[in-house]
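Architecture at a glance
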Amino acid sequence: MAAAEARQAPPRIELAGVTKRFATPSGSVFTALQDVGLTVEPGQFCAIVGPTGCGKSTTLGLVSGLDEPSAGSVRVGGLDVHGVTSGVSLMFQTDVLMPWKSVLGNVSMGPIFSGRSKTEAHALARDWIARVGLSGFEDHYPHQLSGGMRKRAGLAAALINEPRVLLMDEPFGALDVQTKAIMSNELLALWEETRPTVLFITHDLEEAIALADRVAVMTVGPGSIKAVFDIDLPRPRGAVQEIRFEPRFLELYQQIWEALREEVERAYSRTAMAGAR
Amino acid sequence: MSRTTVIGTDITAHVLQEVQLGLAPDNEDALARRAQAARRSRKIRVNTARLATFVLFVGGWQWATTVKLLDPFFFGQPTGVVQSLIHWARNGTAYGSLWEQIWVTMHEALLGFGYGVGTGIVVGILLGQVPFLADVLGPYIKILNAIPRIVLGSIFVVWLGLGTTSKVALASVLVFFVVFFNAFQGVREVDSGLIANARILGASRWQLVRHVVLPSALTWIIASLHVAFGFSVIGAIVGEFLGAQRGLGLVIATAQNNFDPNGVFAAMLIIGAIALTAEGLISALEHRLLAWRPKSTSTANSN
C-alpha cells in the first residue's frame, strides 16, 4: 500500500500565515516564526537558507507534523497537517540511527513500522543499502561506521518508504567538505529517481543553489520568508563541486547573498550583543 | 640516566623501548609475542596474589582460633565450617536434605526476582511514558520506597503464612524498586531525536516502546539486575528468618540459636556461591543483550 501511495504524484507543500510561539520556562512567550508563507510545488526541490536560530528547523517540524503551528495553516497535498503525515520522511541534522541496531536493522525500520513482515523489510533494506553504497556493512553497528557512512545509512532509512515528501534538516552539516560534496551528488541522483517534493534546510548557500530549484531566504528570528529565488540551472546538474564555477551559479550566488548577508549580520550582532551584556 | 632501571623494572617499558628502536616488519611478530607474554605474566601474578590473599585470610583465621587468640566458640573455625558443610551434605540438616534447603531458597529468590523485574520494567516504562501518571503516583512511590522494606516481611508472613509465598512477596518488593527506578530513568533518558525519527517513519506507540524506548532503557535496566538479584536473595533469606519451615535462612537462624557459628558461616558460604553464579549469569546476559555497545578501551583490566 505504501508503494502504491508513493507512485502517486508528489504533493504540494503550502505554508500560509504560519506563526509559531513557544512558552519559555520563565513564562514569557518566544516567537520563532512570524507569518511564514511558502509554497513548494509538487516534485520541486526547495532549499531554505538563513542564519542560525531563525526558525528553519521549526518550519520542518511543522511540515512533518511533529509540531503544530500557533496560527496559520500548514498543508501537504491540500490537506491540513495534523500529526505525523504519511508519506513524509525527515532527515535530521544529528544521527538518529539506533545504536543497538545494525545498519540492516536501522534501515528496515520504516517498512517494519508500516506493517511489512521482517523478511520483506530486510530484503527491501538490503536493496536500499546497496543503493547508497553500503553493501557489505549490513551487520555493522552505527558506532563502527564513519560519519559519512552513518549519513548514507540515514539516507537509506529515510528513503526506504519511498516518501512523497522529503524534509531535510541540514543533513550533511556535520560532514567534512569532501564527504558533503559526495553525499550531495548521491542525494541528487536518488532524488532524480523518484522525484519527491523536497524541503531542504541549510545555512550553506552554495549547497542550497547547487541542489535546489528554489531557494528561500529566511529572516533572523522571528523567522519569516524574506525572498524566494528560482534557480534556473539546468538539470541534471552533475557534480556539485563543479557547478560552483558556472557563471550563472555565481550570478545567482551574488543575488541571494545580497538578501542573506543582512540577516547574517543582524544575527551576528545580536549574539555579539548578548555576549557583551 | 635512569633508563636502564626503568627497563629493568617494567616489562611494558621494555616493549616501548622496542618500538622506539624502530622496528622492521619482521620484528612485529616478536613484539606481539612479547606483549602477549607480558599479559600472561600479569595474569599469573594477579592470580597468585589472589590465592595468597585467600590463604592468608583463611589460614590466619584458623591459626588465631587454634592458638585461642580468637575464641572458636564465637568465631568458628574454617575446618569447622567445612565439617558443617560435609555433615549437612551427608546427613542433611534438621529440616531435610541440604539440597532441599538450597532449592527452596533459590526457588523463592528466583520467583521474587522474576516478578520484581517484570513488574519493575512494566511500571517503570508505563510511568516513564505517561508523565501524568508519573506525577500522580510519584510521591506515593517515594513514600513506599522510604519504608524500610524488611519490615514488610513481617506483614507478609502474617498475611501469606509460613510457606514460600511470603518470601517470594518480600523478594519481589525488594527487587521491584531497584528495577523500577532504573527503568523509569532509562525511559526518561531516551534520545528525543530517535523518538521523533521513529514517529516520522510511522511507528505506533507500541512500536515506539518495543523498538526505541525499551532497547534504550535496557542499559539502565540490566545495570540494575546485578543489585536486584542480591536483593532477591536477601528477601528470601530474611523472609525465612522471620518464620519458615524450610530454607537456608531457617538453617542460619537455627545455627544462631544453637550458638553454632560454623553453621552460620557454612550457610553464608553456600549463599555466596549461589550469588556468584547468578552474577556470572547476569553478566553473560548483559554481554549478549548489549553486544552493540562499543568495546571499552580499558579491556586490559578485565582479566
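Residues numbered from 1 in each chain as written. Chains lettered and ligands numbered in written order. Predicted model: local features only at pLDDT ≥ 70, side-chain atom pairs only at ≥ 80, totals over all residues. Heavy atoms only, no water.

**Points about the overall build of chain A**
Helix and strand counts for chain A stand at ten helices and ten strands. Scaling as 2.2 N^0.38, a compact globule of 277 residues should have a C-alpha radius of gyration of about 19 Å, and chain A matches this with 19 Å. The principal-axis extents of the C-alpha atoms in chain A amount to approximately 55 × 45 × 40 Å. Taking all 277 residues of chain A together, 49% fall into the buried category. Taking all contacts inside chain A whose residues are at least 6 apart in sequence as the whole, residues at least 24 apart take part in 70%. Surface summary for chain A: the accessible area is close to 12300 Å², and the carbon and sulfur share equals 53%. Here chain A contributes 27 positive and 32 negative side-chain charges, whose respective centroids are spaced 4 Å apart. (Helix = DSSP H or I, 4+ residues; strand = E, 2+ residues; numbered from the N terminus. Rg over C-alpha atoms; globule rule 2.2 N^0.38 Å. Buried < 20%, exposed > 50% of the residue type's maximum accessible area, 1.4 Å probe, protein only. Contact = heavy atoms within 4.5 Å. Areas by Shrake-Rupley, 256 points an atom, 1.4 Å probe, with all protein chains shown as cover. Lys, Arg positive; Asp, Glu negative; His and termini not counted. Charge placed at Lys NZ, Arg CZ, Asp CG, Glu CD.)

**Description of the domain arrangement of chain B**
Residue and element names in this part refer to chain B. Split into domains, chain B comes out as domain 1 (3–66) and domain 2 (77–302). Facing six residues of domain 1, the contacting portion of domain 2 comprises seven residues. Between domain 1 and domain 2, the buried area comes to about 490 Å², and carbon and sulfur atoms account for 58% of it. Its largest share of buried area at the contact with domain 2, domain 1 owes to Arg42, Trp61 and Gln62, together 78% of the area lost on that side. Inspection of the domain 1/domain 2 interface yields zero salt bridges. (Domains from an automatic or database assignment. Buried area = accessible area lost by both parts, 1.4 Å probe. Salt bridge = Lys/Arg side-chain N within 4 Å of Asp/Glu carboxyl O.)

**Brief notes about the interface of chain B and chain A**
Contacts between the two partners involve 19 residues from chain B and, on the opposite side, 21 residues from chain A. Together, Ile200, Leu201 and Trp292 of chain B form the three largest contributors to the area buried by chain B at its contact with chain A, with a combined 39%. The interface formed by chain B and chain A holds zero salt bridges in total. Between chain B and chain A we count five residue pairs in polar contact (both at pLDDT 80 or more) in total. For the side of chain B that touches chain A, the secondary structure elements donating two or more residues are helix H10 (192–200) and helix H11 (205–242) of chain B. Here the side of chain B that touches chain A gets seven residues from one element, more than from any other, and that element is H10 of chain B. Here the residues of the side of chain B that touches chain A are counted per class, giving eleven nonpolar, six polar and two charged. (Polar contact = N/O pair within 3.5 Å; in protein donor to acceptor, adjacent residues only side chain to side chain. Nonpolar A, V, L, I, M, F, W, Y, C, P; charged D, E, K, R; others polar.)

**Things to note about the sheet that holds strand S3 (residues 45–49) of chain A**
Residue and element names in this part refer to chain A. Spatially, S6-S7-S8-S3-S9-S10 is the arrangement adopted by the six strands of the open sheet, whose pairing is mixed. The sheet terminates laterally at strand S6 (88–91) and strand S10 (225–230), the two strands that pair on one side only. Neighbour to neighbour, the strand axes of the sheet diverge by 15 degrees on average, direction disregarded. In the sheet, S6 pairs with strand S7 (residues 165–169) via four bridges, with the strands oriented parallel. Paired with leucine 90 across the bridge in S7 is leucine 167. Against the sheet, helix H6 (residues 147–159) makes contact with S6 and S7, and its axis sits at roughly 165 degrees relative to S6, the strand it touches most. The sheet strands contacting helix H7 (residues 177–194) are S3, S7 and strand S8 (197–202), and the helix crosses S3 at an angle near 140 degrees. (Pairing = 2+ DSSP bridges. Axes fitted to C-alpha atoms, helices over the stretch in contact; angles between N-to-C directions.)

**Quick word on the nonpolar core**
Counting residues in hydrophobic clusters, the biggest one holds 80 residues, and the most contacted among them are Leu38, Val63, Leu167 and Leu199 of chain A together with Phe113 and Val212 of chain B. Per-element accounting of this core gives the leading share, 13 residues, to H11 of chain B. Those residues in contact with leucine 167 of chain A that sit more than four places away from it in its chain are Ile13, Leu60, Val63, Ser64, Val88, Ser89, Leu90, Met91 and Leu199 of chain A. With 51 residues, the next largest nonpolar core counts Phe45, Val103, Leu145 and Leu233 of chain A among its residues. (Core = buried A, V, L, I, M, F, W, Y, C linked by side-chain atoms within 4.5 Å.)

**Describing the packing of helix H7 (residues 131–146) of chain B against helix H9 (residues 164–188) of chain B**
Residue and element names in this part refer to chain B. At their nearest, the axes of H7 and H9 sit 12 Å apart, and the two run at 150 degrees to each other. As H7 packs across H9, the resulting crossing turns out to be left-handed. Across from Ala134, Ile141, Leu144 and Asn145 in H7, the residues of H9 making contact are Phe177, Phe180, Phe181, Phe184 and Arg188. Residues that form the contact of H7 with H9 fall into these classes: seven nonpolar, one polar and one charged. (Left-handed = near helix turned anticlockwise from the far one by under 90°.)

**Topic: the sheet that holds strand S5 (residues 79–80) of chain A**
Residues and elements named next belong to chain A. An order of S2-S1-S4-S5 is seen for the four strands of this open sheet, with the pairing classed as antiparallel. One side of each edge strand has no neighbouring strand; the edge strands of this open sheet are strand S2 (29–40) and S5. Note that strand S4 (residues 71–76) and S5 share two bridges and pair antiparallel. Its bridge partner lying in S5, valine 76 is registered against leucine 79. Against the sheet, helix H2 (residues 56–64) engages strand S1 (13–23), S2 and S4, with an angle of about 115 degrees to S1.

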